[in-house]
Amino acid sequence: MKEKTIYEHLRDKGLSRRDFMKLCGTIAGMMGLEFSPPVKALGKLAHPTPAEVVARALTTKPKLPIIWLEFQDCAGCSEAISRSSSPSLAKLVLNDIAIEYHETLMAAGSQAEKAKEECMEKYRGKYVLVVEGSPTVADDGIYCVVAGKSNLDLLKEATAGAAAVIATGNCASFGGIPGANPNPTRACGVADLIKDKPVINIPGCPAIPEVTTGTILYFLIMGELPKTDHLLRPLTFYGHTIHDHCLRRPFYEAGKFAESFDDEGARKGYCLYKLGCKGPTTYNACAALKWEQGLSYPVQSGHPCLGCSEPHFWDGGGFYQGQSAALIPPESKTTAVAAGVGVAIGAALAGVNAAKKGRAKKALTSISAVGPGESGAKPISQSESKKEG
Amino acid sequence: MDWSEILRFSRGPLFHLSLIIFIAGMTYRLLRIVLLGWERDRTKRQGSKLWGTILNYLRGLIILPFIPWVRRTFRNNALTFIAGGFFHLSLFVVLAFGAAHILVWQSLCGISWKPLPTPIVDWLAAVGIISLLVLLINRLTHPVLKLLTKLPIWINWTVVFLPFITGYIMTHHLWFRYEVIFSLHMISVCLLLIWIPLGRISHFLFYFFSKTIHGAQAGKRAVTP
Ligand code: HEM
Ligand code: SF4
Ligand code: SF4
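About the thresholds
Residues numbered from 1 in each chain as written. Chains lettered and ligands numbered in written order. Predicted model: local features only at pLDDT ≥ 70, side-chain atom pairs only at ≥ 80, totals over all residues. Heavy atoms only, no water. Near = heavy atom within 4 Å. Nonpolar A, V, L, I, M, F, W, Y, C, P; charged D, E, K, R; others polar. Contact = heavy atoms within 4.5 Å. Buried area = accessible area lost by both parts, 1.4 Å probe. Salt bridge = Lys/Arg side-chain N within 4 Å of Asp/Glu carboxyl O. Polar contact = N/O pair within 3.5 Å; in protein donor to acceptor, adjacent residues only side chain to side chain. Helix = DSSP H or I, 4+ residues; strand = E, 2+ residues; numbered from the N terminus. Buried < 20%, exposed > 50% of the residue type's maximum accessible area, 1.4 Å probe, protein only. Domains from an automatic or database assignment. Patch = residues over 30% accessible without salt bridge, like charges linked within 9 Å, V, L, I, M, F, W, Y side chains within 5 Å. Areas by Shrake-Rupley, 256 points an atom, 1.4 Å probe, with all protein chains shown as cover. Donors = N, O, S within 2.8 Å, 3.2 Å for Na, K, Ca; no water. Tetrahedral: all angles 85-135°; square planar, octahedral: opposite > 155°, others 65-115°. 1 Å grid on protein atoms, 1.4 Å probe; cavity = no way out; pocket = protein on both sides within 12 Å on 5 of 7 lines; lining within 4 Å. Points joined across faces, edges and corners; volume = space filled by probe spheres on them.

(A) Geometry of the site of ligand 3. Close contacts around ligand 3 come from A:I242, A:T282, A:N284, A:C286, A:W291, A:P298, A:C305, A:L306, A:G307 and A:C308, and that covers them all. Partitioned by chemical class, the residues of the shell around ligand 3 number seven nonpolar, three polar and no charged.

(B) Representation of the interface of chain B and chain A in the model. On the chain A side, the residues contacting the 41 residues of chain B number 47 residues. When the two sides are added together, the surface that chain B and chain A hide from each other amounts to roughly 3,800 Å², 62% of it contributed by carbon and sulfur. Taken as a group, B:R8, B:R11 and B:L103 account for 17% of the area that chain B buries against chain A, more than any other trio of residues on that side. The interface formed by chain B and chain A holds zero salt bridges in total. Inspection of the chain B/chain A interface yields 11 residue pairs in polar contact (both at pLDDT 80 or more). Sorting the residues of the side of chain B that touches chain A by element identifies α1 (3-34), α4 (99-109), α5 (118-141), α7 (151-171) and α8 (178-195) of chain B as the ones contributing at least two each. When residues in the side of chain B that touches chain A are grouped by element, the largest group, 17 residues, is from α1(B). Taken together, the residues that form the side of chain B that touches chain A break down as 22 nonpolar, 10 polar and nine charged.

(C) Fine view of the site of ligand 1. The full set close to ligand 1 counts 25 residues, and A:Y252, B:H101, B:D122, B:Y178 and B:H185 are the nearest of them. Ligand 1 sits at the junction of chains A and B, each of which supplies nearby residues. At 2.7 Å, a side-chain N or O of B:H101 approaches a nitrogen atom of ligand 1. Between an oxygen atom of ligand 1 and a side-chain N or O atom of B:D122, the distance comes to 2.6 Å. Put simply, the parts of the chain that give the shell around ligand 1 at least two residues each are α3 (73-97), α4, α5, α7 and α8 of chain B. The class makeup of the residues in the shell around ligand 1 is 19 nonpolar, five polar and one charged.

(D) Focus on the environment of B:S4. All names here are of chain B. Among the structural elements, S4 can be located in helix α1. Note on S4: relative accessible area 16%, which makes it buried. Remark: the alpha-carbon pair of S4 and F182, spanning 178 residues in sequence, is separated by 9.6 Å.

(E) Structural view of the pattern of salt bridges. Residues and elements named next belong to chain A. Within this structure, the stated rule accounts for 10 salt bridges over all chains. Two residues, R124 and E121, come together in a salt bridge whose shortest N-O distance is 4.0 Å. The residue E264 makes a salt bridge to R267 at a minimum N-O spacing of 3.7 Å. Highlighted residues: E264 and R267, both in helix α14 (residues 264-267), separated by three residues, approximately one helical turn. The exposure class of R267 is exposed, given its relative accessible area of 59%. Connected through salt bridges with shared partners, the residues E117, K149 and E157 form a single ionic network.

(F) Just the domain arrangement of chain A, in detail. Each assigned domain of chain A is listed here: domain 1 (1-62), domain 2 (63-238) and domain 3 (243-365). On a C-alpha basis, the centres of domain 1 of chain A and domain 3 of chain A stand 48 Å from each other.

(G) View of a nonpolar patch on the surface. All names here are of chain B. A cluster of nonpolar side chains, L50, W51, I54, L58, L61, I62, I63 and F208, forms an exposed patch at the surface whose accessible area comes to about 760 Å². Counting residues per element, the nonpolar patch draws most heavily on helix α2 (residues 49-63), which supplies seven residues. Counting through the fold element by element, I54 comes out in helix α2.

(H) Up close: the coordination of the iron atom of ligand 1. All names here are of chain B. Ligation of the iron atom of ligand 1 by protein atoms is provided by H101 (NE2) and H185 (NE2), these donors lying 2.0 Å from the ion. Here the iron atom of ligand 1 is ringed by six donor atoms whose angles at the metal span 85 to 179°, and the overall shape comes out octahedral. Residue H101 is found in helix α4, and its partner H185 is found in helix α8; the two are separated by 84 residues along the sequence. Residues H101 and H185 agree in their burial class; the two are buried.

(I) Structural context of empty space enclosed by the protein. Counted under the stated rule, the structure contains four cavities of 30 Å³ or more. Lining the largest cavity we find 16 residues, and of these A:T281, A:E310, A:G316, A:Q323 and B:R8 sit closest to its centre. At four residues, α1(B) tops the list of elements feeding residues into the lining of the largest cavity. Residue composition of the lining of the largest cavity, grouped by class: four nonpolar, seven polar and five charged. Put simply, the second largest cavity is a space of about 100 Å³. Along its surface, the second largest cavity is lined by 13 residues, and A:H243, A:C246, A:C271, A:C277 and A:P280 are the ones closest to its centre. Counted by class, the lining of the second largest cavity contains nine nonpolar, two polar and two charged residues.

Here's what the structure looks like:
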């Protein structure tokens, strides 16, 4: 039997054609399709609108199978999606547009394992693998074992039949918290291990739910992963920094900074740079998309950006330390040792000089004893008076 | 290697190492000068050393630079005087009162103070950059200066100019991604720190020693420094 298309599935659930078209418009917006060139590339038909592109895909394609694995993580990215206050969209994607195997949301156990294996078998070559949490390579992956299999084996097994891999959250993208210095389990990003499948990173802590689901949708609709930057992040969502779109930016330009979380400046909405904001170096969609259906995002709510979509953001100095501060300020002991070395070399060379001077003086006195004109004493060498720039 | 990694390296280990080299180098330089030997000053004491010192700084740093015609500074060297003066003013304000730099001081010595408004710092930074360019062109075109200028002086100019221009570009978010230009700023600052003890920019420290000693000597003799 032919699989039902997504549209047929939704229609059977009672969605009208009109609501379906509205949904397609929303999805197109959420994927950032308006701005992405593939729409035009696809435009063999006289320039379909983004919503039409979505509608065509949903009326012709069956549900997209997704296998969702979790490694070293806190399940925060899953939480963010399942608690997201836009249930209509995130839930819709996961319930009605995709079929899902999710390790945590399904009660774990041998049954879940079996369901996953069946899913992998049935949709071999078609499913999208979503990875949440960092793989760990130390000691052959024994620091993260599920159902008796090491995370490395699980990852290898699951990517073998995947059409594409989506790493969601900073952990799966770059190692995240488990990868923070000194990284005892040698946690790393999925893309560090998987080289033979297309991998895309959706870093964040957590990843913005709309960005993860938007990327899944993009793959479903366009049949390929969206364009990425050098860190494999989709450009539509990671093309700008938080600072680029920050509503506190005018205060930054004017040099008006909050000095603490409860001072006059903080109340007036001044820039949070001095409170440790990493907005200028953080590429993410927070400031543009905002969280909770456009309600707000951290910087708007008064908290500096932590830089959670950047590699190793845990190791970038304190969260509340300004971005220009020295990452490793020399301790007083180091400073003392450095000064000591300077003193030691200086004193040693001065000693050598003094000895030379002494010898020269002696030679001079012996000359004057012998009488002028006799040689024997070298003039103090010219090279000793240093030249410098 | 991506730029956020380079940034972390240049803000971290590289800056750390440069500071250590800077500190070791400057103590070395200072000690060498101190140990060159002190002539015992046998002059009979006729005035206050402290007052001489204060007077020397007042005249040399606060008063005379602003009435340059008294010593004919203007007539002989107007360009060097004006551009050099603006450059030093700019350097001081940018380093001591730029918000980003105050955070550096805070992380190094634990104290902080209020920054000047960014537009003022920014304007002065531009003045500093222009001054440096003027001084460069002067050096390239002045027939005598050209002959006097050897490699170390070109290095001096470059290592001071680079932090200025990268800092300015960064603040204005021009052309580069922020982490790229920030890394370049940090790397150029590190170059500067390492170069200072090797060259004549070390005058930033020695200046104050000679000013103090000359002032004290003059004060002891009760003459105007
Ligand atoms: C010691 C380490 C230093 C650090 C961490 C540092 C950091 C920074 C940062 C983060 C900015 C830009 C702030 C913004 O985006 O608004 C900046 C601006 C700037 N920096 Fe530095 N800097 C350092 C040393 C220096 C030095 C030694 C110089 C000059 C010789 C310098 C010259 C400048 C200039 C001219 C600006 C532009 C100021 C403006 O246009 O407002 N910096 N610096
Ligand atoms: S609060 Fe952060 S992101 Fe916003 S303008 Fe200030 S530094 Fe930039
Ligand atoms: S504001 Fe910064 S730290 Fe906060 S969620 Fe967005 S990218 Fe992450």
